[in-house]
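Overview (structure and organization)
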Amino acid sequence: MHVTAETTATSDIQAREARHVLQTYRRFPVAFVRGEGVRLFDAEGKSYLDLLSGIGVAALGNASPRIAEAIAAQARELAHTSNLFFHPLQGQLADRLTRASGLGRAFFCNSGSEANEACLKFARRYWYTRGEPRAEFVGFDHAFAGRTFGSLSMTWDEHYRTPFAPLLAGVTHAPADNPAALDQIVTNKTAAIMVEPIQGEGGVRPISPALAKAIEAACARTGALLIADEIQCGIGRTGQMFAYPALGLTPDLVSIAKAIGGGFPVGAALVADPVAATIAAGDHGTTFGGNLLACRAALAVLDALEGGLLDHVAKMGPIMEQGLKAMVARLGIDAEVRGKGLMWGVDLKRDAGAVVTAGLARGLVVNRTSGSVIRLLPAYVITEAEIAEGIALLEGAIADALGGAHG
Ligand SMILES: *Cc1c(COP(=O)(O)O)cnc(C)c1O
């Protein structure tokens with residue numbers, strides 16, 4: 001039997017998955033089959049305003065014609081050749097990313113976890129080549145770095161870690177709210193410090209200027225490399241190409257993924273020249289990484305960003321911030337609004353799960369992270385009117401979920 005997404009009911013989709021898909025996800029009972037910009041449509045045809053864009057991935061919007069055309073045209077030309085051979089697009093994409101970041105080289109992979117994994121390996125390789133092997137890494141509480149063993153080792157949440165112990169030895173999570181602690185924690189054995197300039201999964205927590213300063217000082221004192229995890233906050237999300245320069249951070253390695261592919265799985269580690277010089281042929285690799293389809297999708301995203309979309313995000317940021325703060329004031333709740341650009345968290349300081357469910361009922365897609373935080377990562381193409389519409393829906397969802405309990 002031929003089954004299409006459009007003609008299959010949500011209950012059938014759920015039933016089929018329940019039989020044979022490994023049950024690693026607790027999904028909401030919604031099946032999306034079509035998208036258009038900041039809209040999503042489920043299997044029953046119900047429309048949703050999407051303020052999540054697939055966790056910050058569909059940067060140009062759902063079913064973006066630019067991404068669709070780039071991938072389709074490339075697929076007709078040539079999709080994949082492996083990394084045994086040259087193709088014309090990796091160099092073009094690397095050129096664009098290195099100019100945007102100031103880091104000299106790019107390594108391409110397929111996800112955020114892989115990008116962080118590559119950064120950790122390159123940091124170890126750097127110290128090994130220098131004849132002074134350093135094994136230790138320093139991360140921060142509330143960090144999320146991914147699910148592979150290396151990236152999981154840098155992830156803070158014990159729920160993700162404990163069932164898979166032992167993880168990488170020599171990893172310390174420093175308290176993000178105590179910059180002075182780095183004086184003791186970062187030593188001449190530290191290979192690298194890894195930090196998200198704005199922690200995403202951990203509750204949309206921007207790191208403080210004081211912590212940024214302490215990180216730079218610790219790196220200068222010990223020679224430890226700095227890895228900026230820009231997988232969620234980078235590639236235009238904050239209204240700037242990367243989030244680290246605004247904090248005065250000068251990373252040696254930058255990991256990117258999520259938005260760079262516009263929906264196509266793309267990751268990359270950007271590597272400063274002194275580290276890049278220590279990496280030899282054969283040290284690291286991947287079959288899929290940087291294939292033609294991935295590079296074409298990423299180039300389309302960068303074209304859009306440089307063609308005015310980055311400025312648009314910078315303009316929408318304060319509008320979204322003011323809108324969310326006004327919403328909190330109207331609701332009269334004790335909530336904190338944190339973020340920048342089109343990356344926002346509304347910390348309700350109590351379990352926010354019911355808000356997501358109430359949002360879906362009203363036709364709104366948002367996410368809860370870190371228990372109490374409603375996370376908003378809309379597509380970069382969102383308009384002022386759509387932001388207002390989204391915030392009105394969110395206000396209703398919060399009121400539904402908190403009922404008479406607030407105030
Ligand atoms: C999503 C994310 C990752 C992991 O990326 P995957 O593509 O899920 O492997 C790592 N770091 C940050 C900051 C992320 O937001």
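Overview of the structure. (Residues numbered from 1 in each chain as written. Predicted model: local features only at pLDDT ≥ 70, side-chain atom pairs only at ≥ 80, totals over all residues. Heavy atoms only, no water.)

**So, the overall build of the protein chain**
- A tally of helices and strands in the protein chain yields 13 helices and 17 strands.
- Relative to the 2.2 N^0.38 estimate, which gives 22 Å for 407 residues, the radius of gyration of the protein chain is 21 Å and therefore close to what a compact globule would have.
- Dimensions of the protein chain, computed from the C-alpha atoms along their principal axes, are close to 60 × 55 × 45 Å.
- Taking contacts inside the protein chain between residues at least 6 apart in sequence as the whole, the part at least 24 apart equals 73%.
- Within the structure as shown, the protein chain displays about 18000 Å² of accessible surface, and the carbon and sulfur contribution to it stands at 56%.
- For the protein chain, the distance from the average site of its 36 positive side-chain charges to the average site of its 40 negative ones is 2 Å. (Helix = DSSP H or I, 4+ residues; strand = E, 2+ residues; numbered from the N terminus. Rg over C-alpha atoms; globule rule 2.2 N^0.38 Å. Contact = heavy atoms within 4.5 Å. Areas by Shrake-Rupley, 256 points an atom, 1.4 Å probe, with all protein chains shown as cover. Lys, Arg positive; Asp, Glu negative; His and termini not counted. Charge placed at Lys NZ, Arg CZ, Asp CG, Glu CD.)

**Description of the side chain of threonine 155**
- Position of threonine 155 relative to the elements: it lies in the loop between helix 6 (149-154) and helix 7 (158-161).
- In this structure the side chain of threonine 155 is engaged in a polar contact, spanning 2.9 Å, whose partner is the backbone nitrogen of alanine 145.
- Every residue in contact with threonine 155, bar those within four places of it in the chain, is listed here: Ala143, Phe144, Ala145, Gly146, Tyr160, Arg161 and His173. (Polar contact = N/O pair within 3.5 Å; in protein donor to acceptor, adjacent residues only side chain to side chain.)

**Structural notes on the sheet that holds strand 10 (residues 225-229)**
- If you walk across this open sheet you meet the 7 strands as 4-12-11-10-7-5-6, and the pairing is mixed. The open sheet has two free edges, formed respectively by strand 4 (105-109) and strand 6 (171-174), since each of these has just one partner strand. Averaged over all pairs of adjacent strands, the angle between their axes in this sheet comes to 20°, without regard to strand direction.
- In this sheet, strand 7 (residues 190-195) lies alongside strand 5 (residues 136-140) in parallel orientation, the contact comprising 3 bridges. Residue valine 138 lies in a different strand from strand 7, and its bridge partner there is isoleucine 193. (Pairing = 2+ DSSP bridges. Axes fitted to C-alpha atoms, helices over the stretch in contact; angles between N-to-C directions.)

**Observations concerning the sheet that holds strand 1 (residues 32-36)**
- Strand order in the open sheet formed by 4 strands is 1-2-3-15, and the pairing between neighbours is mixed. Where the open sheet ends on each side, the last strands, each with one partner, are strand 1 and strand 15 (364-365).
- Relative to strand 3 (residues 47-50), strand 2 (residues 39-42) is paired through 3 bridges, and the arrangement is antiparallel. When the sheet's bridge partners are listed, arginine 39 is paired in strand 3 with leucine 49.
- Helix 13 (residues 384-402) rests against strand 2, strand 3 and strand 15 of the sheet, and its axis sits at about 105° to strand 3.

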